[in-house]
Amino acid sequence: MASTGMSDSAPPDPRTALALHPLDPAGRAWVDEAEARVAARSTAVRALFPAVRRHCGRDRLVEHWTADEAARAVLLLALPLDGTPLASELAGLFRHGDPAEQRAVLRALPFLDVPEEAALGFVREALRGNDSTLIEAALGPYGAARLPDAEYRQAVLKCVFYEITLDRIAGLDTRADDELARMLADFAHERVAAGRDVPQDIWPVVRAFPALATLTEKLAAETWAATPERREAAVRALKALQ
Amino acid sequence: MRIFDPHIHMNSRTTDDYEAMHAAGVRAVVEPAFWMGQPRTSPESFYDYFDALLGWEPYRAAQFGIQHFCTIALNPKEANDPRCRPVLDELPRYLAKDRVVAVGEIGYDSMTPEEGEALALQLQLAMEQGLPALVHTPHRDKATGTRRTLDVVRESGIAPELVVLDHLNELTVGMVLDSGCWAGFSIYPKTKMSEDRMVTILQEHGTERMLVNSAADWGRSDPLKTRRTADAMLAAGFDDDAVDGVMWRNPVDFYGQSGRLDLDEPKPDEESSFEGNSIRRGGA
Ligand SMILES: [Zn+2]
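For clarity, every value in this text was computed on a predicted model and none was experimentally measured.

Cut-offs and rules
- Residues numbered from 1 in each chain as written.
- Chains lettered and ligands numbered in written order.
- Predicted model: local features only at pLDDT ≥ 70, side-chain atom pairs only at ≥ 80, totals over all residues.
- Heavy atoms only, no water.
- Helix = DSSP H or I, 4+ residues; strand = E, 2+ residues; numbered from the N terminus.
- Contact = heavy atoms within 4.5 Å.
- Areas by Shrake-Rupley, 256 points an atom, 1.4 Å probe, with all protein chains shown as cover.
- Lys, Arg positive; Asp, Glu negative; His and termini not counted.
- Charge placed at Lys NZ, Arg CZ, Asp CG, Glu CD.
- Expected span 1.5 Å × (residues − 1).
- Buried < 20%, exposed > 50% of the residue type's maximum accessible area, 1.4 Å probe, protein only.
- Arc of directions from axis to C-beta.
- Core = buried A, V, L, I, M, F, W, Y, C linked by side-chain atoms within 4.5 Å.
- Domains from an automatic or database assignment.
- Pairing = 2+ DSSP bridges.
- Axes fitted to C-alpha atoms, helices over the stretch in contact; angles between N-to-C directions.
- Buried area = accessible area lost by both parts, 1.4 Å probe.
- Parallel < 35°, antiparallel > 145°, perpendicular 65-115°, else oblique.
- Left-handed = near helix turned anticlockwise from the far one by under 90°.
- Nonpolar A, V, L, I, M, F, W, Y, C, P; charged D, E, K, R; others polar.
- Donors = N, O, S within 2.8 Å, 3.2 Å for Na, K, Ca; no water.
- Phe/Tyr/Trp six-rings, centres within 6.5 Å; stacked < 30°, edge-to-face > 60°.
- Polar contact = N/O pair within 3.5 Å; in protein donor to acceptor, adjacent residues only side chain to side chain.

### Comments concerning the overall build of chain B
Turning to step 1, where the next piece is worked out: Counting its secondary structure elements, chain B contains 10 helices and 8 strands.
Turning to step 2, where the next piece is worked out: Projected onto the principal axes, the alpha-carbon positions of chain B cover approximately 55 × 50 × 35 Å.
Turning to step 3, where the next piece is worked out: Look at the contacts in chain B between residues 6 or more apart in sequence, and 73% of them connect residues 24 or more apart.
Turning to step 4, where the next piece is worked out: Accessible surface, chain B: about 10,900 Å² in total, of which carbon and sulfur atoms supply 49%.
Turning to step 5, where the next piece is worked out: One finds the centroid of the 29 positive side-chain charges in chain B at a distance of 4 Å from the centroid of its 46 negative side-chain charges.

### Thoughts on helix α15 (residues 228–241) of chain A
Residues and elements named next belong to chain A.
Turning to step 1, where the next piece is worked out: Across its 14 residues, α15 extends 20 Å between first and last C-alpha, which sits within 8% of the 20 Å expected from 1.5 Å per residue.
Turning to step 2, where the next piece is worked out: Those residues of α15 lying buried are Ala233, Ala234, Ala237, Leu238 and Leu241. Buried positions in α15, seen along its axis, are confined to an arc of 135° and lie on one side of it.
Turning to step 3, where the next piece is worked out: Of the surrounding elements, those touching the buried residues of α15 are α12 (178–193), α13 (203–207) and α14 (211–222).

### Brief notes about the nonpolar core
Turning to step 1, where the next piece is worked out: One finds Leu76, Leu106, Val123 and Ile202 of chain A to be the most contacted residues of the largest nonpolar core, which totals 86 residues.
Turning to step 2, where the next piece is worked out: Two domains each donate at least three residues to this core, and these are domain 1 (1–173) and domain 2 (177–242) of chain A.
Turning to step 3, where the next piece is worked out: Other than its neighbours up to four places away in sequence, Ile202 of chain A contacts Val160, Leu166, Leu184, Phe187 and Ala188 of chain A.
Turning to step 4, where the next piece is worked out: With 75 residues, the next largest nonpolar core counts Tyr47, Leu119, Cys181 and Met233 of chain B among its residues.

### Considering the sheet that holds strand β7 (residues 182–186) of chain B
All names here are of chain B.
Turning to step 1, where the next piece is worked out: Spatially, 8 strands are ordered β1-β2-β3-β4-β5-β6-β7-β8 in an open sheet, and the strand pairing comes out parallel. Across the chains shown, the open sheet's two edge strands, defined by having one partner strand only, are β1 (3–5) and β8 (210–213). Direction aside, the axes of adjacent strands within the sheet are offset by 25° on average.
Turning to step 2, where the next piece is worked out: Inspection of the sheet shows strand β6 (residues 163–166) paired to β7 by 2 bridges, in the parallel sense.

### Considerations on the domain arrangement of chain A
Residue and element names in this part refer to chain A.
Turning to step 1, where the next piece is worked out: Along its sequence, chain A is organised into domain 1 (1–173) and domain 2 (177–242).
Turning to step 2, where the next piece is worked out: Averaged C-alpha coordinates put domain 1 and domain 2 at centres separated by 35 Å.
Turning to step 3, where the next piece is worked out: Tallying the contact residues gives 12 residues for domain 1 and 13 residues for domain 2.
Turning to step 4, where the next piece is worked out: Summing both sides of the interface, domain 1 and domain 2 together bury roughly 1,100 Å²; the carbon and sulfur share of this comes to 81%.

### Points about the pairing of β6 of chain B
Residue and element names in this part refer to chain B.
Turning to step 1, where the next piece is worked out: The alternating pattern of β6 places Val163 and Leu165 on one face and Val164 and Asp166 on the opposite face, and all of these are buried.
Turning to step 2, where the next piece is worked out: Taken together, the 4 bridges between strand β5 (residues 133–136) and β6 define a ladder with parallel strand orientation. Bridge pairing links Val135 to Leu165 in β6.

### Structural notes on the pairing of strand β3 (residues 67–72) of chain B
Residue and element names in this part refer to chain B.
Turning to step 1, where the next piece is worked out: Judged by how many residues are buried, β3 sits mostly within the fold: 6 of 6 residues are covered.
Turning to step 2, where the next piece is worked out: Burial of the side chains of β3 extends over both faces: Gln67, Phe69 and Thr71 are buried on one face and His68, Cys70 and Ile72 on the other.
Turning to step 3, where the next piece is worked out: The sheet contact formed by strand β2 (residues 26–32) and β3 spans 5 bridges and is parallel. For Pro32, the partnering residue across the bridge sits in β3 and is Thr71.

### Thoughts on the packing of helix α8 (residues 195–205) of chain B against helix α9 (residues 225–235) of chain B
The axes of two packed helices give the description: the angle between them and the distance between them.
Residues and elements named next belong to chain B.
Turning to step 1, where the next piece is worked out: Running from N to C, α8 and α9 point in directions that differ by 55°, and their axes come no closer than 9 Å. It follows that α8 is oblique to α9 by the angle criterion. By crossing handedness, the relation of α8 to α9 is classed as right-handed. Contact residues: α8 offers Glu195, Asp196, Met198, Val199 and Leu202, while α9 offers Lys225, Arg228, Thr229, Ala232 and Met233.
Turning to step 2, where the next piece is worked out: Looking at the contact of α8 with α9 residue by residue, the classes come out as 5 nonpolar, 1 polar and 4 charged.

### Examining unusual backbone geometry
Residues and elements named next belong to chain B.
Turning to step 1, where the next piece is worked out: Between Gly104 and the following residue, Glu105, the backbone shows a cis peptide bond with an omega angle of -10°.
Turning to step 2, where the next piece is worked out: Here Glu105 lies in strand β4 (residues 100–107).
Turning to step 3, where the next piece is worked out: Phi angles above zero are rare outside glycine, and Met111 is one such case at about 60°.
Turning to step 4, where the next piece is worked out: With respect to the helices and strands, the residue Met111 is situated in the loop between β4 and α5 (113–129).

### Overview of the coordination of the zinc ion
The reference angle at a metal is 109.5 degrees if four donors form a tetrahedron and 90 or 180 degrees if six donors form an octahedron.
Turning to step 1, where the next piece is worked out: At 2.1 to 2.2 Å from the zinc ion lie its protein donor atoms, namely His7 of chain B (NE2), His9 of chain B (NE2) and Glu105 of chain B (OE).
Turning to step 2, where the next piece is worked out: For His7 of chain B, a relative accessible area of 1% corresponds to the buried category.

### Re the packing of aromatic side chains
Residues and elements named next belong to chain A.
Turning to step 1, where the next piece is worked out: In total, this model carries 14 aromatic pairs over all chains according to the counting rule given.
Turning to step 2, where the next piece is worked out: Arranged with centres 5.8 Å apart and planes meeting at 40°, the rings of Trp65 and Phe111 form a pair that is tilted. Of this pair, Trp65 sits in the loop between α3 (45–56) and α4 (67–78) while Phe111 sits in the loop between α6 (99–108) and α7 (116–128), and the two are 46 residues apart along the sequence.
Turning to step 3, where the next piece is worked out: Residue classification places Trp65 among the buried positions, given a relative accessible area of 0%.

### Topic: α6 of chain A
Turning to step 1, where the next piece is worked out: Here α6 of chain A lies mainly inside the structure; 10 of its 10 residues are buried.
Turning to step 2, where the next piece is worked out: Along α6 of chain A, the positions that sit buried rather than exposed are Pro99, Ala100, Glu101, Gln102, Arg103, Ala104, Val105, Leu106, Arg107 and Ala108 of chain A.
Turning to step 3, where the next piece is worked out: Where the residues of α6 of chain A are buried, they touch α3, α4, α5 (83–95), α7 and α8 (132–138) of chain A together with α2 (43–62) of chain B.
Turning to step 4, where the next piece is worked out: Where α6 of chain A begins, the side chain of Asp98 of chain A points an oxygen toward the backbone nitrogen of Ala100 of chain A, at a separation of 3.1 Å.

### Some thoughts on the environment of Ile201 of chain B
Residue and element names in this part refer to chain B.
Turning to step 1, where the next piece is worked out: Structurally, the position occupied by Ile201 is in helix α8.
Turning to step 2, where the next piece is worked out: On the accessibility criterion, Ile201 (3% relative accessible area) is buried.
Turning to step 3, where the next piece is worked out: Each C-alpha atom of the pair Ile201 and Phe185 lies 10.0 Å from the other, and the pair is 16 residues apart in sequence.
Turning to step 4, where the next piece is worked out: If we ignore the near neighbours within four places in the chain, the residues touching Ile201 are Asn169, Glu170, Val173, Phe185, Met193, Gly206 and Met210.

What follows is the structure in structure tokens.
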């Protein structure tokens, strides 16, 4: 199928991103010192992690990282912990984190030596919430590669409902399947039956699977519906689907 | 007219309120952590509440064009419950957040020793974090309570210009202004303080170091009381500049002392891993 999601190439290391797009000298000095303090005493991260953005700003560096997220990831990488102790320190940061801190934890997951169950716990908590920036971060490369099929499909559908365009989430090229296409096709039919438009970004997924034929049939029937809005929506959807 | 409500509990208000507030000129609010009517019995419920003040509520406010900041503290009522006191140990984590612009609401409610202890301790936290403090004055025995609060503030060593004493009235405003602290007034529909009395206080005491808020919450209250007070000021002969001073520049100056009042910050719903537009339908 045609490429629909974000590129599935691995995101760059946050230290590389910060090397290519340097912070101002004061911000860089702050990060260096914070990194040293965290390396010397892991609990120092609790006060430093929330303060990052005030020192490093929030500019976008590359596709995966803003300045604050990359700098926060650097502090996490400096933690002299791994396995379960790392998971429990991260759990505290995530549990008590504001949305910007939680996004940073989610984006750092591919680089941390943390047990998968703990990491997926953060991903799932973000996906249960209502904040679309967190839902999007949860469907980055780490979550998209590891969520079980049923959860991944539900998450994609949630993105469609929250108008997070599908080119912002990872894994679609490899994880889209018959069932996800069927769910999106049913969603499209539901929209048309309500006389509403269907978001364009779901069509590539529907087209690549057998759901295409079933939906085409249903939409053709909708062009005979009693209400004009419904007929017109069906015509528009059929046109977009072709 | 631009309005900054320096004390309002949006977590118990509706989207209709947000819409009406924006239409009335409200562009920024501070939501102090306080009690919720129903007592909490464990620290975990406080953390969920703090998370809502830092996450969900700014997200909601941004969808209506309003900047949302908060203050964090263990409030006086619940400082009396030993089950809630462990919250004090986790406060430094929360006080370090970007959108936290003061410690508060702290202060006295029933004038107990536990309240006094929590007040003194949290004033120390404010000094450690370089944050202002929002101090609630008791509704019962207010004058005595306010005097006692000023003593604790003085003993703490915090700079008076970093402290606002709130819910003041005709009998407490003088001593608070004399102390060098800021004076806060909560304008309510029936009780405590009305917009006309507020105008009289401004005529008698001037507009410097004065903060006017709606303190709207889950009780009978009105989130447009800031605007109504501004209109009453104009009707009484104050000029636009005086109104702007009280309704916008004063709260900006007070909370700006935190160094964290970033009024240009993009709205939370504009943040995502990619540039470009995305319209949020919000909740689906
Ligand atoms: Zn209050």
